[in-house]
Amino acid sequence: MGLCRFLLALAVFTEHVPSPQGLHHLTGARTAVEGFFVLSGYLMALISNQVKYKTGQNFYKSRILRIYPIYWAVLALTVIASLFIPEFGKPYLESALEFSAFNFFLIGLDVIIILALTGGPTSISNIVVPQSWSLSLELYYYMVVPVLNKLKTRRLAMLCLIILSCKFWLYFTTGLRDPWSYRFFPLEIGFFLWGMLMYRLQWKLPKYSEVVFLVVWLFGNIYRLNSPLEAHNWKSIIFPLLLGMMLNSYASWDRFKFVKVLGKISYPFYLIHILVSSVTCIGLSRMNLSIGNWPTYLLILSLTFALSYLLVKLIEDPMDEIRKKFSSSV
C-alpha cells in the first residue's frame, strides 16, 4: 500500500505547490485526504489484527510515536524558517504565539479551520503546518479504534453505511460544502470505517483489477479533467470507496523495496512540502532567478523527496524501533 500512500501525498503536493499548467493533478488534494482516511482505517484494522500490544496503552503510545516526532520536526523547521525569512514568517509567528498549544498537540486544529471557513474568530494562518488539520481527525479516530475493533463486522458495516449515507445525502440535497463536507469528523469517520470494513471483508477481486485501477488513476484522470480547484462531485466520493476495495490487492505490492520506501516517506512528504515550496520560491525570488515552471516544480519535488527521506532516517526509523517494544509480535 506504500505506492497508494505516496500517490495520495503526491496529489496533495501537486495541488499545493506551483505546478506547470495542465499537469495531471491525480485526485486533487481533497479527495486524496479522504483517500488517506480510508487507507488509515484499513491499516488500523490490519495492525489490530496482526500486532498484539502488551497493554491497551501501548497502542496509543505507538500511534503517538508514529504521528508526533516527525510532525514536531516539521513544526520546528517551519517556526525556524518564519524567524529568519520575513516574507514567510509573519502569519506563522502570530500563529505560534496565539495558538501554540493547538499547533503543538494537534488536537483542535480542525476546529480552527472550520471556524475560519465559517466566518469565525480564527484564521487558516493560525495553523502553522496548514495541512496538519487532517492529523486532528486521525487522532480522533485513533481514540476510538479499540472500541470499533470490538464491533462485529455487521454492526461496523451498518455504522459505516449510515454515516456515509448521511454525508452523501447532505452533500447532494442540501448543498453542504467545505468545511462540513470535508473536515467534519462525525461525517469523515465514515471513510475510516470503510477502510476497516474493506480489511475485514478481504474481497477477492478479479486478477489485475488493481493494475487497471492504477492505470486509470494515473493516466485516465479518474477524478477530474479540469482544475484541481473545482468542487467535489460524485466522482470525488466514489474514488476513496474504490480505493478501499483495492487495498487488499495493493498490500501484496509492499514486498517490493521501492514501494515500501515510497510508503515510508509519504507522511513527512505530506507534512513538509508547503514549507519546502515556500522557502524555495522565496529563495529563487531573492536571487532574481526565473527557471521556468517545470524546473521549479521538479526542484521543489526533489527537495521535498530528499528532506522526507532524511526525516525517515533520522526520526521515523529510530521511532519504529521503540514502537516494536510495545508489542509482543510485529
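None of these values were measured; they are calculated from a predicted model. (Residues numbered from 1 in each chain as written. Predicted model: local features only at pLDDT ≥ 70, side-chain atom pairs only at ≥ 80, totals over all residues. Heavy atoms only, no water.)

J.: Just checking my understanding: could you explain the overall build of the protein chain for this structure?
T.: Across its full length, the protein chain carries 13 helices and two strands. By the compact-globule yardstick of 20 Å for 330 residues, the protein chain fits well, its C-alpha radius of gyration being 20 Å. Considering only contacts in the protein chain between residues 6 or more positions apart, those separated by 24 or more positions represent 80%. On the protein chain, roughly 15600 Å² of surface is accessible, and the fraction owed to carbon and sulfur atoms is 68%. In the protein chain, the 29 positive side-chain charges and the 16 negative ones have mean positions that sit 11 Å from each other. (Helix = DSSP H or I, 4+ residues; strand = E, 2+ residues; numbered from the N terminus. Rg over C-alpha atoms; globule rule 2.2 N^0.38 Å. Contact = heavy atoms within 4.5 Å. Areas by Shrake-Rupley, 256 points an atom, 1.4 Å probe, with all protein chains shown as cover. Lys, Arg positive; Asp, Glu negative; His and termini not counted. Charge placed at Lys NZ, Arg CZ, Asp CG, Glu CD.)

J.: For this particular structure, what's the right way to read helix α8 (residues 153-174)?
T.: Each turn of an α-helix holds 3.6 residues, which means side chains three or four residues apart point in the same direction. Its 22 residues place the ends of α8 31 Å apart at the C-alpha level, agreeing with the 32 Å of an ideal helix rising 1.5 Å per residue. Two residues or fewer after α8 comes Gly 175, characterised by a positive phi angle close to 75 degrees. (Expected span 1.5 Å × (residues − 1).)

J.: Just checking my understanding: could you explain the layout of surface pockets for this structure?
T.: Empty space among the atoms can be located by rolling a probe the size of a water molecule over them. A volume near 1300 Å³ is recorded for the largest pocket. Lining the largest pocket are 41 residues; nearest its centre among them are Arg 5, Leu 43, Ile 47, Arg 66 and Arg 323. Put simply, the parts of the chain that give the lining of the largest pocket at least two residues each are α1 (2-16), α2 (29-50), α3 (56-84), α7 (133-149), α12 (257-286) and α13 (293-324). With 10 residues, the top contributor of residues to the lining of the largest pocket is α2. Considering only residue class, the lining of the largest pocket consists of 19 nonpolar, eight polar and 14 charged. (1 Å grid on protein atoms, 1.4 Å probe; cavity = no way out; pocket = protein on both sides within 12 Å on 5 of 7 lines; lining within 4 Å. Points joined across faces, edges and corners; volume = space filled by probe spheres on them. Nonpolar A, V, L, I, M, F, W, Y, C, P; charged D, E, K, R; others polar.)

J.: Would you take a moment to explain the packing of α3 against α7 for this structure?
T.: Helix-helix packing: each pair is described by the crossing angle between the helix axes and the interaxial distance. Between α3 and α7, the least distance of the axes is 10 Å, while the angle of their chain directions is 170 degrees. Classed by the angle they form, the pair α3 and α7 counts as roughly antiparallel. Here Phe 59, Tyr 60, Arg 63, Ile 67, Tyr 68 and Tyr 71 of α3 lie close against α7, whose contacting residues are Leu 135, Leu 139, Tyr 142, Met 143, Val 145 and Pro 146. (Axes fitted to C-alpha atoms, helices over the stretch in contact; angles between N-to-C directions. Parallel < 35°, antiparallel > 145°, perpendicular 65-115°, else oblique.)

J.: What am I meant to see in the environment of Met 143 here?
T.: Mapped onto the secondary structure, Met 143 falls in helix α7. Residues Met 143 and Tyr 60, 83 residues apart in the sequence, show an inter-C-alpha distance of 7.9 Å.

J.: Would you explain unusual backbone geometry in this entry?
T.: In most cases, non-glycine residues show a negative phi, while peptide bonds are predominantly trans. A cis amide bond links Asp 178 to the next residue, Pro 179, at an omega of 15 degrees. Locating Pro 179 in the fold gives a position in the loop between α8 and α9 (185-201). The backbone of Leu 106 sits at a positive phi, close to 75 degrees, despite the residue not being glycine. Among the structural elements, Leu 106 can be located in the loop between α5 (100-105) and α6 (109-117). Despite not being glycine, Asn 288 has its phi angle at roughly 55 degrees, a positive value. As for its position among the elements, Asn 288 is in the loop between α12 and α13.

J.: Even after reading the chapter, I still don't get a nonpolar patch on the surface, so can you show me in this structure?
T.: A contiguous nonpolar surface patch, about 560 Å² in accessible area, is contributed by Tyr 60, Trp 72, Phe 104, Phe 105, Ile 107 and Met 143. Counting residues per element, the ones that place at least two in the nonpolar patch are α3 and α5. Mapped onto the fold, Trp 72 is located in helix α3. (Patch = residues over 30% accessible without salt bridge, like charges linked within 9 Å, V, L, I, M, F, W, Y side chains within 5 Å. Salt bridge = Lys/Arg side-chain N within 4 Å of Asp/Glu carboxyl O.)

J.: Can you walk me through the packing of aromatic side chains in this structure?
T.: For any pair of aromatic rings, geometry is given as the distance between the ring centres together with the angle between the planes. Here the structure, examined in full by the defined rule, presents 25 aromatic pairs. Between Tyr 42 and Tyr 199, the aromatic rings sit 5.4 Å apart at their centres with planes inclined by 85 degrees, giving edge-to-face as the arrangement. Here the residue Tyr 42 occupies a position in helix α2, and Tyr 199 occupies one in helix α9, the gap between them amounting to 157 residues. Accessibility assignment for this pair places Tyr 42 and Tyr 199 in one class, buried. Taking 4.8 Å as the distance between ring centres and 90 degrees as the angle between the ring planes, the aromatic pair formed by Tyr 171 and Phe 172 counts as edge-to-face. Phe 172 sits in the partly exposed class, given a relative accessible area of 49%. In this structure an aromatic cluster arises from ring pairing among Phe 6, Phe 13, Phe 269, Trp 294, Tyr 297 and Phe 305. The cationic tip of Arg 177 hangs over the ring face of Tyr 171; the distance from NZ or CZ to the ring centre is 4.1 Å. (Phe/Tyr/Trp six-rings, centres within 6.5 Å; stacked < 30°, edge-to-face > 60°. Buried < 20%, exposed > 50% of the residue type's maximum accessible area, 1.4 Å probe, protein only. Lys NZ or Arg CZ within 6 Å of the ring centre and 35° of its normal.)

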